[in-house]
Amino acid sequence: MNIFLRIVVTYSLLFCLLFCICLLTFIVLRRIIIQYQEAMFKTRYLQAEQEILMAISLGKPELAIQVAQKYKSQVKALTQVLVNFMETISGNGREILKIIFDHALKERLLKDLHSHLVIRRLRATRLLGLFAVSSETATFLELLHDKPLVKLAAVNALAHVPDQDTLSLVFQVFEKDSCPNIYTYTSIIFGIGNKIEPLIKNYLKKSLSVEKMSLLIELAGKIPLGSLYPELLDLASHHEKEIRIKVAKAFGKLLIPDSYETLLKLARDNAWEVQAQAIKSLGNLKNPEALEILTEALFSPFWYVRYNAREGLLKLGPQGIRRLEEVSQQKIDRFASDMAEMALDDLRYSR
Amino acid sequence: MLAYLNFIIHIFNNFILAYFFLINSFYLFFLIFSLFGIFRYRSLTSNVRMNEVLSLPLAKPVSIIAPAFNEELNIIESVKSLLSLQYPLHEVIVVNDGSDDLTLEKLIRTFDLKKVKKVFKKSIETQPIRGIYVSPLEPKLVVVDKINGKKADALNAGLNVSRYPLFCAIDTDSVLDRDALLKVARPFHEDPERTVGAGGIVSLSNGCVIERGRILRVRLPRNFFVRFQIIEYLRAFLGGRMALSMLKSILVISGTFGIFRKDIALQIGGYRNDTIGEDMDLVVRMRKYLHEQKRPYRITFIPDPICWTEAPETLKGLERQRNRWHRGLIESLFHSFKMFLNPRYGATGMFAMPFYVIFEMFGPLLELLGYVIFACYVFLGKVNYPFALDFFLLAIVFGTLISLAAILLEEFFLRRYPRLTDILIIIAFGVLENFLYRQFLSFVRAKAFFDLTRGEKKWGQMERKGFVIEQSHS
């Protein structure tokens, strides 16, 4: 047994020692190579940047093709320059960037879309998405059945194409997604802007899950899409608390004076969460008539309702501040007076 | 009798050997796992701009809670760093936990703080609050001054005062990379329903140059103890936590830099006051609670948001810190021992708890016992010297191999140290740590058992040097 152990330990020692030496050599060599590559990358990047800038400023497609051919083999530097420019440049310059992209990188990335590696598919989708045009939406369609990460990247890419059919496709995927990542969808759909108005209008009438419906309502407020007011009004009496909260929130963003009455009703809702949101939105409306309901809400047993009421009163200006001073001096409800005093303190020190 | 003694020696030898191979195999396995995890993370985040998060409509706001006890040296730089973080909406709550130095005075003077009456929901009982201050200069800053009640109590006070759904616990002797909060909060945006906690990498700021609350230049410190700790941190964060996170078994999100969902933290009663390892304790109790509630959740480790913190530079300081950490680990594991090998708690019960108990908790004790028994063998003349030498060398080489693998991960992913000589120095310290330093730490950690049985609850104050601040040459 001892001899066996001795052999195991000795061989392990030799193996580990060799492995250590190899690893050490690898780390050192890699560092030297990377430092050299970085210096090369920097030079190539600066060269490519200059030449692409020249092509953009001259606006000559043939020059763009020449640049593409020249940097076709330097994928990293070229990709980086194109992505950076795409984020900062608008207008005709983008056309030049697209030409360079099409001639230098597109073919390679289209191949990558069929790679068995998720990472490669994801990267290709993201890059193709940046330069996508309406005629290319078909490229992303089959990716809508891919793994969730790739699927979202594809939806994101589709959302970049300002075509009504494409946007419909984005919404169809959203509707069918059984386990939607609401956060990511929000980012994608929000990025589309007010072009989605007819689609949201249509989808608000459908029977979607509460979370999907909530997202659409929230987006209507955030973008903002004032023309959806009638649809939102219908949803203000929805049996789901979450929906009523989102409607109240959307009204607080849309700032439509007519929504005052509905918000008043929501401020007296059975659920305190709805009350809190409605009070907040009433504050945003800055309607002097809301003075009474906001003061009343300062005496609510719910902290968030009181907090939003104080914010609302501050937004109403001198009238609201006077009311806060009155409440801070009353002795009947300590919670209300504390909340009012805190608001006045904040006001004092934010000046 | 002699045969009986020989049999015991034989059994013990085999046990130590098996333990040695098992623990090192785990560490090696973790490193390989981490390598895949880090590559995957790097690829998934390529072509993703962190700035995008800044414009997201639903980015969850974060309350940063920084408890401070006698932190006059670093407090201003640290707060400035926290205030300058890139994030759509965040507040910084500094909790002055009854400092008896100039921490509060410095804050008041620098940020022109004014005492206000702030109403908050007292969800968790804490020591009384003496005052809450806000700054007209920095609207994001809130300073809570309270009677001393240890770090957990200060964090609970911060939780009570905080307004946002996520909170980030951070030490005031730390500086975050500007985009660290954006990166660490990413899982909460990607998977808002399930993500309850996330942590990033902690690096050592000793020797680095800091300007306006930002790390300007990363430099290797001259202090030998800190150099040893650098290699330890690399192994722990890049090797250990990344792999444990992938195995759904991470039990520690460093108290220096961790972000959590406030509602879950409140549901479990916040930080436990009667423990000194409040960071680990919070994560362990969160896991226990969520398993019992049968709620799907995830606690993740993100390998690139970096938090820079000051490491102890003296042996005494290091001893106190490691002793405290180990006492915290023992307390947390015992407090939730119900999960140990309990299939009801999934990977936490069947893998994380046994791993932490057997290798992390009892590891130093067994290592020390090995040294003691070896000394006994020497005394009794029972040592097989050639074998012992081979075994000793193997332990060193294996340890070095694991350190090298961690450095490789650092090189692949972060490359914080700009010079090749820095890397070579770190590697050298990875070899040197096997002589005395490692044994010293095992002793200190094993001592934690005895300190705990004596009812030791001391936090142990660390001597701070403060950050090296870049001088203006204008």
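You'll find the structure just up there.
Right, let's walk through the structure included here.

Cut-offs applied
Residues numbered from 1 in each chain as written. Chains lettered and ligands numbered in written order. Predicted model: local features only at pLDDT ≥ 70, side-chain atom pairs only at ≥ 80, totals over all residues. Core = buried A, V, L, I, M, F, W, Y, C linked by C-beta atoms within 7 Å. Buried ≥ 20, exposed ≤ 12 C-beta atoms within 10 Å, placed from the backbone. Domains from an automatic or database assignment. Helix = DSSP H or I, 4+ residues; strand = E, 2+ residues; numbered from the N terminus. Expected span 1.5 Å × (residues − 1). Arc of directions from axis to C-beta. Contact = placed C-beta atoms within 7 Å. Nonpolar A, V, L, I, M, F, W, Y, C, P; charged D, E, K, R; others polar. Pairing = 2+ DSSP bridges. Axes fitted to C-alpha atoms, helices over the stretch in contact; angles between N-to-C directions.

As for the nonpolar core
Part 1 of the argument: One finds B:Ile65, B:Ala66, B:Ile93, B:Cys168 and B:Leu181 to be the most contacted residues of the largest nonpolar core, which totals 126 residues.
Part 2 of the argument: Inspection of this core shows a minimum of three residues originating in each of domain 1 (1–44 + 186–458) and domain 2 (61–172) of chain B.
Part 3 of the argument: Counting 91 residues, the second largest nonpolar core, distinct from the first, contains A:Ala48, A:Ile99, A:Phe174 and A:Ala250.

Topic: helix H15 (residues 420–432) of chain B
All names here are of chain B.
Part 1 of the argument: If you check H15, its first and last C-alpha atoms are 19 Å apart, about what 13 residues at 1.5 Å a residue would give, namely 18 Å.
Part 2 of the argument: Taken as a whole, H15 has its buried residues at Ile 423, Ile 426, Ile 427, Phe 429 and Gly 430. Angularly, the buried residues of H15 cover 160 degrees about the axis, an arc narrow enough to put them on a single face.

Overview of the interface of chain A and chain B
Part 1 of the argument: On the chain B side, the residues contacting the 37 residues of chain A number 36 residues.
Part 2 of the argument: Those elements that place two or more of their residues in the side of chain A that touches chain B are helix H1 (2–58), helix H6 (118–130), helix H10 (182–192) and helix H20 (334–350) of chain A.
Part 3 of the argument: When residues of the side of chain A that touches chain B are assigned to their parent elements, the largest contribution, 15 residues, is made by H1(A).
Part 4 of the argument: Residue classes in the side of chain A that touches chain B are distributed as 21 nonpolar, seven polar and nine charged.

As for the pairing of strand S5 (residues 141–146) of chain B
Residues and elements named next belong to chain B.
Part 1 of the argument: Most of S5 is tucked away: six of the six residues are buried.
Part 2 of the argument: Where strand S2 (residues 90–97) lies against S5, six bridges are found, and the strand directions are parallel. If you follow Val 92 over to S5, its bridge partner there is Leu 141.
Part 3 of the argument: Counted along the chain from strand S4 (residues 129–134) to the antiparallel partner S5, the turn is six residues long.

Brief notes about the sheet that holds S2(B)
Residue and element names in this part refer to chain B.
Part 1 of the argument: Read from one edge to the other, the open sheet built from ten strands follows the order S3-S4-S5-S2-S1-S6-S11-S8-S12-S7, with strand pairing classed as mixed. Edge positions in the sheet fall to strand S3 (114–116) and strand S7 (174–176), since each has one partner strand and no second. Put simply, the sheet's adjacent strands are angled 30 degrees from each other on average, direction ignored.
Part 2 of the argument: Pairing analysis gives eight bridges linking strand S8 (residues 195–204) to strand S12 (residues 298–309), with the strands arranged parallel. Paired with Leu 204 across the strands is Thr 309, a residue of S12.

What about helix H16 (residues 437–453) of chain B?
Residue and element names in this part refer to chain B.
Part 1 of the argument: Here H16 is 17 residues long and its end C-alpha atoms lie 25 Å apart, about the 24 Å a rise of 1.5 Å per residue gives.
Part 2 of the argument: Turning to H16, its buried residues are Tyr 437, Leu 441, Ser 442, Val 444, Arg 445 and Ala 448.
Part 3 of the argument: Looking at the buried side of H16, the elements it contacts are helix H8 (224–246), helix H11 (315–335) and helix H13 (363–380).
Part 4 of the argument: Just downstream of H16 lies Gly 455, where phi reads positive at about 80 degrees.

Considerations on unusual backbone geometry
Part 1 of the argument: The step from A:Ile223 to A:Pro224 runs through a cis peptide bond, and the omega angle for that step is -15 degrees.
Part 2 of the argument: Tracing the sequence through the fold places A:Pro224 in the loop between helix H12 (210–222) and helix H13 (229–235).
Part 3 of the argument: The phi dihedral of A:Leu255 is positive, around 55 degrees, even though this residue is not glycine.
Part 4 of the argument: Summarising the element assignment, A:Leu255 is placed in the loop between helix H14 (241–254) and helix H15 (260–267).
Part 5 of the argument: Phi angles above zero are rare outside glycine, and B:Arg415 is one such case at about 45 degrees.
Part 6 of the argument: With respect to the element layout, B:Arg415 can be found in the loop between helix H14 (385–413) and H15.

Side note on the environment of B:Asn156
All names here are of chain B.
Part 1 of the argument: Mapped onto the secondary structure, Asn 156 falls in helix H5 (residues 150–161).
Part 2 of the argument: Taking the C-alpha atoms as reference points, Asn 156 and Leu 137, 19 residues apart in sequence, are found 26 Å from one another.
Part 3 of the argument: Those residues within four positions of Asn 156 in sequence are excluded, and the remaining contacts are Ile 124, Thr 126, Gly 270 and Tyr 271.

Points about the pairing of S12(B)
Residue and element names in this part refer to chain B.
Part 1 of the argument: The element S12 is extensively covered by neighbouring structure, given that ten of its twelve residues are classed as buried.
Part 2 of the argument: Relative to S12, S7 runs antiparallel, the two sharing three bridges. Note on S12: the bridge partner recorded for Ser 174 is Thr 309.

Thoughts on the environment of B:Thr256
Residue and element names in this part refer to chain B.
Part 1 of the argument: Residue position: Thr 256 is located in the loop between H8 and strand S11 (257–261).
Part 2 of the argument: A C-alpha to C-alpha distance of 23 Å links Thr 256 and Phe 355, two positions 99 residues apart in sequence.
Part 3 of the argument: Dropping the residues within four chain positions of it, Thr 256 is found in contact with Ile 170, Asp 171, Ser 174, Val 202, Cys 307 and Thr 309.

Any functional reading would require information beyond the geometric quantities listed.
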